[in-house]
Amino acid sequence: MQRRDKHNYYLDIAQTVLERGTCFRRNYGAIIVKNDEIISTGYTGAPRGRKNCTDLGFCIREKMNIPRGQNYEKCRSVHAEANCIISASRRDMIGSTLYLVGKDMKTNEFVENANSCAMCKRMIINAGIEKVIIRDNNDEFRIINVSDWIENDDSLTENMGY
């Protein structure tokens, strides 16, 4: 038996976390890891105490035919990365890695070209997270150095992500 590499191990955990998500469109799971210790986890879902899309039985963005990457303010959910960051201390996140997995809930496939939205990128930068690793399929992933987002300031306004 071949041992699972560390990045896929953590991505597998983030993938399990996304199963708690409550979005009808796309669910994401995120974990923050530092020194081989999981600091925090987060998934896509409404703020505590508010109704999720699964509780309501519909997605307002879907009803309004809002395309991916636009009008996030209409969404009821807090993104997985944001939930992960607010559950951790900044001193623990400095120099850490955020692992992110997204799944399309209609196809059950991984989200193609998944990426953090502009707001989540800003939070990741301010949290002091060093790298973001995003799953593309069962064994393939991309490693993003957060410093690239800082150096390429335009990437903080592009409309990709959820």
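An unreviewed UniProt entry lists the chain under the name dCMP deaminase, from Tepidibacter thalassicus DSM 15285. Comment text from UniProt for the chain, heading Cofactor (unreviewed entry), reads "Zn(2+)".

Visitor: I'd like a description of the sheet that holds strand β1 (residues 26-34), backed by residues and values.
Guide: For sheets, the rule is that strands pair by backbone hydrogen bonds, running either parallel or antiparallel. Taken together, five strands build an open sheet; the order of strands is β2-β1-β3-β4-β5 and the sheet is mixed. Each edge of the open sheet is held by one strand with a lone partner, namely β2 (37-43) and β5 (141-145). Averaged over all pairs of adjacent strands, the angle between their axes in this sheet comes to 20°, without regard to strand direction. Bridge analysis of β1 against strand β3 (residues 97-104) gives eight bridges, and the strand direction is antiparallel. The partner of Gly29 across the bridge, within β3, is Val101.

Visitor: Describe the side chain of Arg135, listing the residues and the values that go with them.
Guide: Within the fold, Arg135 resides in strand β4 (residues 131-135). Take Arg135: its relative accessible area is 1%, and that puts it in the buried class. Of the polar contacts made by the side chain of Arg135, one reaches the backbone oxygen of Asn137; its length is 3.3 Å. Contact partners of Arg135, with chain neighbours within four places excluded, come to Arg4, Asn8, Leu11, Asp12, Gln15, Leu100, Val101, Phe110, Glu140 and Phe141.

Visitor: Quick one: what's the story with the environment of Gly95, residue by residue and with numbers?
Guide: For Gly95, the location among the structural elements is in the loop between α5 (90-93) and β3. On the basis of relative accessibility, which here comes to 34%, the residue Gly95 falls in the partly exposed class. Distance from Gly95 to Glu130, taken between C-alpha atoms, is 4.9 Å for residues 35 residues apart in sequence. Dropping the residues within four chain positions of it, Gly95 is found in contact with Gly128 and Glu130.

Visitor: Can you lay out unusual backbone geometry for me, pointing to particular residues and giving the numbers?
Guide: In this structure, Asn35 takes a positive phi of about 50° despite not being glycine. Assignment of secondary structure puts Asn35 in the loop between β1 and β2. Although it is not a glycine, Asn65 sits at a positive phi angle of roughly 55°. Note on placement: Asn65 falls in the loop between α3 (60-63) and α4 (80-86). The class for Asn65 is exposed, based on a relative accessible area of 66%.

Visitor: I'd like a rundown of the packing of aromatic side chains, residues and numbers included.
Guide: For the coordinates displayed, the defined rule picks out two aromatic pairs. Note on Tyr10 and Tyr99: the rings are 5.2 Å apart at their centroids and 40° apart in plane angle, and the pair reads as tilted. Of this pair, Tyr10 sits in helix α1 (residues 6-18) while Tyr99 sits in strand β3, and the two are 89 residues apart along the sequence. The exposure class assigned to Tyr99 is buried, which follows from its relative accessible area of 4%. Taken together, the ring pairs connect Tyr9, Tyr10 and Tyr99 into an aromatic cluster. We note Lys63 situated over the ring of Phe58; from NZ or CZ to the ring centre the distance is 4.2 Å.

Analysis parameters
Residues numbered from 1 in each chain as written. Predicted model: local features only at pLDDT ≥ 70, side-chain atom pairs only at ≥ 80, totals over all residues. Heavy atoms only, no water. UniProt positions renumbered as here; feature names shortened; annotations may be inferred. Pairing = 2+ DSSP bridges. Helix = DSSP H or I, 4+ residues; strand = E, 2+ residues; numbered from the N terminus. Axes fitted to C-alpha atoms, helices over the stretch in contact; angles between N-to-C directions. Buried < 20%, exposed > 50% of the residue type's maximum accessible area, 1.4 Å probe, protein only. Polar contact = N/O pair within 3.5 Å; in protein donor to acceptor, adjacent residues only side chain to side chain. Contact = heavy atoms within 4.5 Å. Phe/Tyr/Trp six-rings, centres within 6.5 Å; stacked < 30°, edge-to-face > 60°. Lys NZ or Arg CZ within 6 Å of the ring centre and 35° of its normal.

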